[in-house]
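Residues per chain, in single letters:
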Amino acid sequence: ISFEFVILVSGFKARADALKYLYSNVIRCPSLHIYGTADTLVTPDRSQELVACFDSPQVVVNHGGGHFVPVKKAEMSDFLLPFLERKRHKIQSEGQLHDQQDWGTVPY
C-alpha cells in the first residue's frame, strides 16, 4: 500500500509481537501527528514512539488536551490547513490533481 501522506491522531505503535515487523524499517511518508499531552488513553510517550518511526515527520502537534482531535479554528489553521495545502500543492505540481475543485474545500 502506498500513501501520499498520513494524518495520525493519538497514534501509537502496536505492541503485539506479530506486528513488530511493521516498524522494522523507517516509514517514508509525509506525516502529521496530533496528540494530547493530557491523553490518558494513548499517553504522549506512546505517540512519540510512533513519531520516531517516520523518517521526517513534517509536523508534530501536541495540544494540552486529552484524547480528542482539536477542532478550534485557530488550531486547524495553525497546523492542519498548512499541512493539507502543502500536500495539495505537491499532488497538483506532479500532475495528479488538475483542478483545485477536485481537492474540495475546507470550511475554515
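What counts and what doesn't
- Residues numbered from 1 in each chain as written.
- Predicted model: local features only at pLDDT ≥ 70, side-chain atom pairs only at ≥ 80, totals over all residues.
- Heavy atoms only, no water.
- Phe/Tyr/Trp six-rings, centres within 6.5 Å; stacked < 30°, edge-to-face > 60°.
- Helix = DSSP H or I, 4+ residues; strand = E, 2+ residues; numbered from the N terminus.
- Lys NZ or Arg CZ within 6 Å of the ring centre and 35° of its normal.
- Expected span 1.5 Å × (residues − 1).
- Bend = angle between axes of the 7 residues up to and from the residue.
- Buried < 20%, exposed > 50% of the residue type's maximum accessible area, 1.4 Å probe, protein only.
- Contact = heavy atoms within 4.5 Å.
- Polar contact = N/O pair within 3.5 Å; in protein donor to acceptor, adjacent residues only side chain to side chain.
- pLDDT = per-residue confidence, 0-100.
- Patch = residues over 30% accessible without salt bridge, like charges linked within 9 Å, V, L, I, M, F, W, Y side chains within 5 Å.
- Areas by Shrake-Rupley, 256 points an atom, 1.4 Å probe, with all protein chains shown as cover.
- Salt bridge = Lys/Arg side-chain N within 4 Å of Asp/Glu carboxyl O.
- Pairing = 2+ DSSP bridges.
- Axes fitted to C-alpha atoms, helices over the stretch in contact; angles between N-to-C directions.

Glancing now at the packing of aromatic side chains. The full count for this structure, using the stated rule, is 1 aromatic pair. With a centroid separation of 5.7 Å and an interplanar angle of 80°, the aromatic rings of Phe 5 and Phe 83 are classed as edge-to-face. Here the residue Phe 5 occupies a position in the segment before strand E1 (6-9), and Phe 83 occupies one in helix H2 (residues 73-93), the gap between them amounting to 78 residues. Just above the ring of Tyr 23 sits the side chain of Lys 13; from NZ or CZ to the centre is 5.1 Å. Between the NZ or CZ atom of Lys 87 and the centre of the ring of Phe 83, over which it lies, the distance is 5.5 Å.

Glancing now at H2. In this model, H2 (21 residues) spans 28 Å end to end at C-alpha, consistent with the 30 Å of a helix rising 1.5 Å per residue. Largest kink in H2: about 35°, centred on Leu 80, with the proline Pro 82 one to four residues after it. Residues of H2 that are buried include every one of Met 76, Phe 79, Leu 80, Leu 81, Phe 83, Leu 84, Lys 87, Arg 88 and Ile 91, and no others. Backbone geometry just after H2 places Gly 95 at a positive phi near 80°.

Once that is clear, we can look at the environment of His 33. Within the secondary structure, His 33 is located in strand E2 (residues 31-36). Linking His 33 and Gln 58, residues 25 residues apart in sequence, is a C-alpha distance of 8.7 Å. Those residues in contact with His 33, other than ones at most four positions away along the chain, are Leu 8, Leu 50, Val 51, Phe 54, Pro 57, Val 59, Val 60 and Val 61. Within the structure, His 33 has its side chain in polar contact with the side chain of Ser 31 (distance 2.9 Å).

Predicted confidence across the protein chain gives a mean pLDDT of 82, with 88% of residues reaching 70 or more. Taken element by element, the predicted model of the protein chain shows its lowest mean pLDDT in helix H3 (residues 100-103) (49) and its highest in helix H1 (residues 44-51) (94).

Another point: a nonpolar patch on the surface. Together, Ile 7, Val 9, Val 69 and Val 71 line one region of the surface with nonpolar side chains, adding up to about 300 Å² of accessible area. Note that Ile 7 resides in strand E1.

We now examine the sheet that holds strand E3 (residues 59-63). Strand order across the open sheet formed by 3 strands is E1-E2-E3, with parallel pairing between neighbours. Taken across any chain shown, the strands that pair with only one partner, and hence form the sheet edges, are E1 and E3. Taking the axes of each pair of neighbouring strands and ignoring which way they run, one obtains an average angle of 10° across the sheet. Two strands pair when backbone bridges link them, and E1 and E2 are joined in this way by 4 bridges, in the parallel orientation. Note that in E2 the partner of Ile 7 across the bridge is Leu 32. Each of E1, E2 and E3 is contacted by H2, which is oriented at about 165° to E2, the strand it contacts most.

All right, on to the pairing of E2 then. For E2, a buried count of 6 out of 6 residues is recorded, marking the element as mostly surrounded by other parts of the structure. Here E2 shows a buried face lined by Ser 31, His 33 and Tyr 35 and a second buried face lined by Leu 32, Ile 34 and Gly 36. As judged from the 5 bridges shared by E2 and E3, these two strands associate in the parallel manner. The residue bridging Leu 32 from the neighbouring strand is Val 59, located in E3.

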